[in-house]
Amino acid sequence: AQRVTQPEKLLSVFKGAPVELKCNYSYSGSPELFWYVQYSRQRLQLLLRHISRESIKGFTADLNKGETSFHLKKPFAQEEDSAMYYCALQGAQKLVFGQGTRLTINP
Amino acid sequence: SAVISQKPSRDICQRGTSLTIQCQVDSQVTMMFWYRQQPGQSLTLIATANQGSEATYESGFVIDKFPISRPNLTFSTLTVSNMSPEDSSIYLCSACGLAGSQETQYFGPGTRLLVL
């Protein structure tokens, strides 16, 4: 079975502080992992995927198979990063989402 | 990329009635999906809409309650049948398209449904 866990429902940090949104997964096969973001009044959109190993809007995420984690990190948070973030796992041709973390960046 | 539109954007319905949600994609896509997002919850996959054949439903969802059509590669409908207040939710259409060389799953704006 596929499962994605985001332990923090809410996360609040100050502007300029580092951010880490946690994501753990459970999947018997070889996982493909994503972070999706939903800004206020906008639709859900892809932020980044693990196979690209890229930095998007200053965010990075490394797949750690030993710890079955895919945490999202940014060294210096900006106010425009405030949004809902979902970790998702692609397996067996379907995308399974975590519960989401609402990130608030305080000025 | 693929741009997805949904109609209606929101509706308020009486219990026992049915609502059909339309999803249109601006380009041909391989896979189309329907998700539900209940208040305060994450997205849950209802079914994969298959072109020209019956949809593939996830555990807990059945065709009688959520009939789905996909007559072509760019259009799908989801009907929420015999609605009850528990069906109040956001319903999202999703489709797989290419972003550069990589297949990416795109999402529509959602249909916000309130059942009284």
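Residues numbered from 1 in each chain as written. Chains lettered and ligands numbered in written order. Predicted model: local features only at pLDDT ≥ 70, side-chain atom pairs only at ≥ 80, totals over all residues. Heavy atoms only, no water.

1. So, the sheet that holds strand 8 (residues 75-80) of chain B
In any sheet, the strands associate via hydrogen bonds between backbone groups, in a parallel or an antiparallel arrangement. Residues and elements named next belong to chain B. Taken together, four strands build an open sheet; the order of strands is 1-3-8-7 and the sheet is antiparallel. The open sheet terminates on both sides in strands that have one partner only, identified here as strand 1 (4-7) and strand 7 (68-72). Put simply, the sheet's adjacent strands are angled 20° from each other on average, direction ignored. Looking at chain direction, strand 1 and strand 3 (residues 19-25) are connected through four bridges and run antiparallel. Bridge assignment links Ser 5 to a residue of strand 3, and that residue is Gln 24. (Pairing = 2+ DSSP bridges. Helix = DSSP H or I, 4+ residues; strand = E, 2+ residues; numbered from the N terminus. Axes fitted to C-alpha atoms, helices over the stretch in contact; angles between N-to-C directions.)

2. Remarks on the environment of Tyr 25 of chain A
Residue and element names in this part refer to chain A. The residue Tyr 25 is located in strand 4 (residues 24-26) in this model. Relative accessible area serves as the criterion here: at 7%, Tyr 25 is assigned to the buried category. Once the C-alpha coordinates of Tyr 25 and Gln 2 are considered, the two residues, 23 residues apart in sequence, prove to be 7.5 Å apart. Those residues in contact with Tyr 25, other than ones at most four positions away along the chain, are Arg 3, Val 4, Pro 31, Leu 33, Leu 63, Asn 64, Lys 65, Thr 68, Ser 69 and Leu 89. (Buried < 20%, exposed > 50% of the residue type's maximum accessible area, 1.4 Å probe, protein only. Contact = heavy atoms within 4.5 Å.)

3. Some thoughts on the environment of Leu 45 of chain B
Within the secondary structure layout, Leu 45 of chain B lies in strand 5 (residues 43-49). For Leu 45 of chain B, a relative accessible area of 8% gives the class buried. Considered as a pair, Leu 45 of chain B and Tyr 91 of chain B are 46 residues apart in the sequence and their alpha carbons are 9.9 Å apart. Residues contacting Leu 45 of chain B, with those up to four places away along its chain left out, are Lys 94 of chain A together with Phe 33, Trp 34, Tyr 35, Glu 58 and Phe 61 of chain B.

4. So, the pairing of strand 11 (residues 111-115) of chain B
All names here are of chain B. Of the two faces of strand 11, only the one carrying Thr 111, Leu 113 and Val 115 is buried; Arg 112 and Leu 114 on the other face are not. Inspection of the sheet shows strand 2 (residues 10-13) paired to strand 11 by four bridges, in the parallel sense. Residue Ile 12 lies in a different strand from strand 11, and its bridge partner there is Leu 114. The sheet contact formed by strand 9 (residues 89-99) and strand 11 spans three bridges and is antiparallel. Across the sheet, Ser 89 pairs through a bridge with Leu 113, a residue of strand 11.

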